[in-house]
Amino acid sequence: MYKLSLFIVAFIMVTSCGNKKTSEDFSTSSSTDEGNPKTTVDPATYDPNRGLGKFAMVNLGDKLDVAMATEGEKIQSVKCAACHKLTDEKLVGPGWKGVISRHKPEWIMNFITNPDPMIDKDPKLQALLEICLVRMPNQSLSDDDARKVLEYMRKNDGVK
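So, a few notes on the structure that sits alongside this text. (Residues numbered from 1 in each chain as written. Predicted model: local features only at pLDDT ≥ 70, side-chain atom pairs only at ≥ 80, totals over all residues. Heavy atoms only, no water.)

### Let's talk about the overall build of the protein chain
- A count of helical and extended segments in the protein chain gives 7 helices and 2 strands.
- Beginning at the N terminus, the succession of helices and strands in the protein chain can be written as α-β-β-α-α-α-α-α-α.
- Counting all 160 residues of the protein chain, 30% fall into the buried class.
- The long-range share in the protein chain, meaning contacts at least 24 apart out of those at least 6 apart in sequence, stands at 68%.
- Split by element, the accessible area of the protein chain, about 10,500 Å² in all, is 58% carbon and sulfur. (Helix = DSSP H or I, 4+ residues; strand = E, 2+ residues; numbered from the N terminus. Buried < 20%, exposed > 50% of the residue type's maximum accessible area, 1.4 Å probe, protein only. Contact = heavy atoms within 4.5 Å. Areas by Shrake-Rupley, 256 points an atom, 1.4 Å probe, with all protein chains shown as cover.)

### A few points about the side chain of Glu151
- In this structure, Glu151 sits in helix α7 (residues 143-156).
- A distance of 2.7 Å separates the side chain of Glu151 from the backbone nitrogen of Asp65, its partner in a polar contact.
- Among the polar contacts made by the side chain of Glu151, one reaches the side chain of Arg147 at a distance of 2.6 Å.
- Residues in contact with Glu151, not counting those within four places in the same chain, are Lys63, Leu64, Asp65, Met68 and Ala69. (Polar contact = N/O pair within 3.5 Å; in protein donor to acceptor, adjacent residues only side chain to side chain.)

### Quick word on the environment of Met57
- Here Met57 lies in the loop between β2 (36-37) and α2 (66-79).
- The class for Met57 is exposed, based on a relative accessible area of 62%.
- With 50 residues separating them along the chain, Met57 and Trp107 place their C-alpha atoms 9.4 Å apart.

### Here's the deal with the environment of Thr87
- Turning to its location among the elements, Thr87 is positioned in the loop between α2 and α3 (99-102).
- On a C-alpha basis, the gap between Thr87 and Asn156 in space is 8.7 Å, while along the polypeptide they are 69 residues apart.
- Discounting chain neighbours no more than four positions away, the residues touching Thr87 are Gly95, Trp96 and Lys97.
- Within polar-contact distance, the side chain of Thr87 engages the backbone nitrogen of Glu89 at 3.1 Å.

### Some thoughts on α2
- Look at α2: 20 Å from first C-alpha to last across 14 residues, which is about the 20 Å you get at 1.5 Å a residue.
- Within α2, burial applies to Ala69, Gly72, Ile75 and Gln76. Buried residues of α2, seen end-on, are gathered within an arc of 115° and therefore sit on one face of the element. Facing away from the buried side of α2 by over 90 degrees, the exposed positions are Val66, Ala67 and Val78.
- Against α7 lie the buried residues of α2. (Expected span 1.5 Å × (residues − 1). Arc of directions from axis to C-beta.)

This is a description of form; function is not addressed.
What follows is the structure, given as structure tokens:
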């Protein structure tokens, strides 16, 4: 009976380790990722205030959009909370406290939606990578969801 149990456990382990793509693959090759070409930009043209990506201007408004922040909190709890605390304390990645005072909204939106090219080009992100030792994975958030997360970051930083 012991041998049969051992065989079943070994069989399950072997069959569950097939050719599945895991989230551990954080490669930064210039090939395509599921049909979406990766951005390649000349480092000389990198704008540290904007980052890399399609967001050139993000209008936040003076007041917090509470509904958007509430949706952003839900997204954060699923996609971000495993690596980021809402304080200034590092977990896997840096804490979120004060992020909207450290970065422009365009930079945050571009980083959320386009992390790999930004990590490759941004000196501050490269220095942070040396501290955190883990690249931020692309969470494949839509532009709308990324904007909701940004609004939640604003709420976390005290915008009312």
